[in-house]
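One-letter residues, chain by chain:
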Amino acid sequence: MTLGPLAAFFVGICLAVMLLGGRRRGYGLWLLAGAMLGIGFTLRTQARLETLTSRYDNTTVRLVASVEEVREGYTRLNVRARLRVESVRGQEASFCCWCDNLPACEAGDRIEGIFTLESPGQEDRPGRYADEIVFLADYSQQFACLGEAEGFRAWSARLQQTLSDALCKDMEGDEAGALAAMVVGDRSRISSELNSAYRAAGLSHVLVVSGMHVTILCGMGLPALWDMKRWLTAGQKLALLLPDKLGFKLYRRFGVRLAQMQLRPARPMEGCFSRRKVWALRLRALGPVALAVLLTGITGFTPSVLRAAAAVAIGAFGVWVMAPADAMTSLALAGLGMSAFNSYAVCDVGFELSYAAVMGTLAGAALARRRTQRLNDRPAFRREGMGQAPLIQRAALRLARAVWTTGCISLCASAATFPVLVLRGMSTSPYALISGVAVLWVVQPMMILGILAALTGLVPALYPVYHLLAMGAGAFARLLNAWVEMVSQWPGAQMAFDSRYAAAVSLILMGLCYLAYQGRVRARFWVPALVLAAAVGIGGAVVLSRDVVQVALVGSAQTPSVILTQNGQTVVLYRGGSSGRTAVEGWLESRGLSQPCLLVDLRSEPSRVTRPEADRVILASGLGDYATYRGQRGDMKVEVLCLPQGRAALVTVGRWRLAAVNGTFELAQTMEVDWLLASPSDPSAFRWEGVLALKEYDWMDPDTPRASGLLLRPGGGVRVRQ
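What you see is a predicted model; the values in this text were computed from it and never measured.

Engineer: Could you give me a rundown of a positive patch on the surface, with the residues and numbers involved?
Structural biologist: Where like charges cluster on the molecular surface, the positive patch consists of Lys-245, Lys-249, Arg-252 and Arg-253. With respect to the helices, strands and loops of the structure, Arg-252 is situated in helix α9 (residues 244-263).

Put into structure tokens, the structure is as follows:
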């Protein structure tokens, strides 16, 4: 896909802003400057990746690496792991790779072995590069554990595992999985069923350590929380909710303390500041930075956590220079700082969702404040009037305001993350807003109790304290899991949309929100209008996507598997590979699809361990030479042809015919198909009109146009995804 039209469109927008923006014309210049800086970062990162790819792609080498992250493998003898390579063939190197069949080991170990390195597939590449994973590694032989690795990353990986074990020593099952993921970022305990349920309930972001978790942990060290005046003012507000005599006494006592603080003699000043107070604030600001760095290391330096940690560091820098940091400025600087080291960081889904959620949260908080100010302007809701109101009325008003604020923030955050999910081809839940209002409030106390439980669990003498804290955190986790499991069973819990259609609907909805905000339209009018517009857009997507067959290639370029879906039914033509199962299961999970209805294993030596689960599995190697299998799911008709040296699968969708080859497959007469689902195997037995391929293979002409996906309508329509 060429970037020329997109670049021209972007430059046109910048010029329009500079010429017609009035007082905001300077934003156009800043946009252009940021684009140029981004291009520079991209060229730098691309040059490094091309150097590594040209040197190690499709090679079998001896690696020495440290294990940074470990997940449960497909057998008891293997794990899936992220490796940071220290040397290749005895020469020093520095890059990351992902291995799905590594012999059992633990995070923080230093290992050695012979691996085959391969670049990720075209669709999988941006996400892998965002996580700094340059290659997919297939373990071959001569594995050896060399002891514990050195360095901050290895130490933090061991600390994560230690804290996870300390937190979950009295827990098991989904309760332990949810807590370990949210508190220390250990996702190895999460079952696939629980992960799918959280996605269906619209709460999948809770299981990923992000800016919300950094804010909760680092908020305990922020200078504002150590401001006595702030606490006394909050105490006065709380006293208004108590019965008359008790509330009056507390209110008066807090007021006397505030008056004493105001009448206290001033400390020596230099210029306009007290040096002692300034340095106290500066030193306190370093605490959140240290906690953010520690949490970043524990969770594996994920882009979403790095973004939040950078924002904390920028806030601390603002305290040091006595210039408060703006939220938007912190977001922008954090993104630029991460892109400077890896320009693909902005391609990480967690990073994009984190950015969108922060933007939505800021918009929701602004909307809630506007509504609260309107209520405070009314005589019946003024503070002096409410102080004489009955306790029940005051409590009801407080609850209504809290629900309104939570609803605004949840609505805006869900609306902001919706375009990211649908443009990435991922499923989204229409119940995200309901879940956010109903149970998102339990995340903060659950995290605080979980962090304290993990720390006290490290000390055997504090076991009674740990047990109480773990019981509290576990109760919140069970409540959250129960809600998630209930919502995931509701109809239409997971919905996936075509990316282009979703982009158009998202732009329309954002335009309506902007017009309502600028026009200061009341929520009672614009909220129903927005819900109606969203319902029409979603209904249109459901109608337009009905009976459409989506065809996608996933996995590595050497063994790409084919996925065909129609109306929730899935057919997989499986070619294997070390990362084939992970790629297939990840693609289905991201789109809210269950296991395949039919899986055709085209390998000559199939292994059950590396094969995804399916309702029905057809082993091409077990059919026998010159045998044929025919099956159908919906409008997808599958025919498998077996020869002694190879297999081929023919898929018919209406008038469209597709073919996939594995091994050496030759026919006496060439067969014509519309699309070839390419792999390194020679497809000389077929004649095709178009090709789906993840890379350019040796048998392909250099000028052959390639596509990565198709949308087929059985009646005859087709759309190609480049």
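Now that the structure has been shown, we can carry on.
Engineer: Mind laying out the sheet that holds strand β4 (residues 109-118), listing which residues take part and the relevant values?
Structural biologist: What the 5 strands build is a closed barrel, ordered β1-β2-β3-β5-β4; its pairing is mixed. Adjacent strand axes in the sheet meet at a mean angle of 50 degrees, parallel and antiparallel pairs treated alike. Here strand β2 (residues 78-88) pairs with strand β3 (residues 91-103) via 9 bridges, running antiparallel. Paired with Leu-83 across the strands is Cys-97, a residue of β3.

Engineer: Could you give an account of the nonpolar core, naming the residues involved and the relevant values?
Structural biologist: Judged by nonpolar contacts, the single largest core of 38 residues is most densely connected at Leu-167, Leu-179, Met-182, Tyr-198, Leu-203, Leu-207 and Leu-480. Listed by contribution, the elements that provide at least two residues to this core are α4 (152-167), α5 (173-184), α6 (192-200), α17 (443-456) and α18 (463-487). In terms of residues, this core owes the most to one element, α18, which gives 9 residues. Apart from residues no more than four positions distant in its own chain, Leu-167 is found in contact with Leu-179, Ala-180, Val-183, Gly-450, Ala-453, Ala-454 and Tyr-466. Leu-573, Leu-598, Tyr-629 and Ala-649 belong to the second-largest nonpolar core, a separate cluster that totals 36 residues.

Engineer: Give me the lowdown on the environment of Gly-151, citing residues and values where you can.
Structural biologist: By the secondary structure assignment, Gly-151 is in the loop between β5 (133-148) and α4. For Gly-151, a relative accessible area of 45% puts it in the partly exposed group.

Engineer: Any details on the state of the cysteines? Residues and values, ideally.
Structural biologist: Overall, the coordinates contain 0 disulfides when judged by the stated rule. Cysteine Cys-97 is unpaired, with the sulfur of Cys-99 as its nearest cysteine sulfur at 7.2 Å. According to the relative accessible area criterion, Cys-97 is buried, its value standing at 0%.

Engineer: Could you give an account of the packing of aromatic side chains, with specific residues and numbers?
Structural biologist: The full count for this structure, using the stated rule, is 10 aromatic pairs. Summarising the aromatic geometry, the rings of Trp-688 and Trp-699 are spaced 5.8 Å apart at their centres and angled 80 degrees between planes, so their arrangement reads as edge-to-face. In this pair, Trp-688 is assigned in the loop between β17 (686-687) and β18 (690-692) and Trp-699 in the loop between β18 and β19 (706-707), connecting sequence segments 11 residues apart. Judged by relative accessible area, which is 27%, Trp-688 ranks as partly exposed. By relative accessible area, which is 22% here, Trp-699 ends up partly exposed. Put simply, the rings of Tyr-56, Phe-95 and Phe-135 pair up and form one aromatic cluster. In this arrangement the basic side chain of Lys-169 is found over the ring face of Tyr-466, its NZ or CZ atom lying 4.8 Å from the centre.

Engineer: Explain a negative patch on the surface residue by residue, including any values.
Structural biologist: A cluster of acidic side chains, namely Glu-696, Asp-698, Asp-701 and Asp-703, defines a negative patch on the protein surface. Tracing the backbone through its elements, the reader meets Glu-696 in the loop between β18 and β19.

Engineer: Go over the sheet that holds strand β10 (residues 617-619), please, and point to the residues and values.
Structural biologist: Spatial strand order, β10-β9-β8-β7-β6-β20-β21: 7 strands in an open sheet with mixed pairing. Each of the sheet's edge strands pairs with one partner strand only, and the pair in question is β10 and β21 (718-721). Mean inter-strand twist for the sheet, computed between neighbouring axes without regard to direction, equals 15 degrees. Summarising the sheet, strand β20 (residues 709-712) and β21 pair through 4 bridges and their orientation is antiparallel.

Engineer: Quick one: what's the story with the pairing of strand β7 (residues 561-566), residue by residue and with numbers?
Structural biologist: The element β7 is extensively covered by neighbouring structure, given that 6 of its 6 residues are classed as buried. By the alternation rule, side chains of β7 split into Ser-561, Ile-563 and Thr-565 and Val-562, Leu-564 and Gln-566, which are all buried. In the sheet, strand β6 (residues 549-554) pairs with β7 via 5 bridges, with the strands oriented antiparallel. Residue Val-554 lies in a different strand from β7, and its bridge partner there is Ser-561. Taken together, β6 and the strand that follows it, β7, pair antiparallel across an intervening segment of 6 residues, in which Gly-555 is found at a positive phi of about 95 degrees. The sheet contact formed by β7 and strand β8 (residues 569-574) spans 5 bridges and is antiparallel. Note on β8: the bridge partner recorded for Gln-566 is Gln-569. Count of turn residues in the β7/β8 antiparallel hairpin: 2 residues, of which Asn-567 carries a positive phi of about 50 degrees.

Engineer: Talk me through the packing of α4 against α5; I want residue IDs and the actual numbers.
Structural biologist: In the contact formed by α4 and α5, the axes pass within 10 Å of each other and the chain directions differ by 140 degrees. The angle between the axes of α4 and α5 places the two elements in the oblique class. Pair α4 / α5 crosses with right-handed handedness. Every residue of α5 that contacts α4 at Gln-160, Leu-163, Ser-164 and Leu-167 is listed here: Leu-179, Ala-180, Val-183 and Val-184. Split into classes, the residues belonging to the contact of α4 with α5 amount to 6 nonpolar, 2 polar and no charged.

The rules behind these values
Residues numbered from 1 in each chain as written. Predicted model: local features only at pLDDT ≥ 70, side-chain atom pairs only at ≥ 80, totals over all residues. Heavy atoms only, no water. Patch = residues over 30% accessible without salt bridge, like charges linked within 9 Å, V, L, I, M, F, W, Y side chains within 5 Å. Areas by Shrake-Rupley, 256 points an atom, 1.4 Å probe, with all protein chains shown as cover. Salt bridge = Lys/Arg side-chain N within 4 Å of Asp/Glu carboxyl O. Lys, Arg positive; Asp, Glu negative; His and termini not counted. Charge placed at Lys NZ, Arg CZ, Asp CG, Glu CD. Helix = DSSP H or I, 4+ residues; strand = E, 2+ residues; numbered from the N terminus. Pairing = 2+ DSSP bridges. Axes fitted to C-alpha atoms, helices over the stretch in contact; angles between N-to-C directions. Core = buried A, V, L, I, M, F, W, Y, C linked by side-chain atoms within 4.5 Å. Buried < 20%, exposed > 50% of the residue type's maximum accessible area, 1.4 Å probe, protein only. Contact = heavy atoms within 4.5 Å. Disulfide = S-S within 2.5 Å. Phe/Tyr/Trp six-rings, centres within 6.5 Å; stacked < 30°, edge-to-face > 60°. Lys NZ or Arg CZ within 6 Å of the ring centre and 35° of its normal. Parallel < 35°, antiparallel > 145°, perpendicular 65-115°, else oblique. Left-handed = near helix turned anticlockwise from the far one by under 90°. Nonpolar A, V, L, I, M, F, W, Y, C, P; charged D, E, K, R; others polar.

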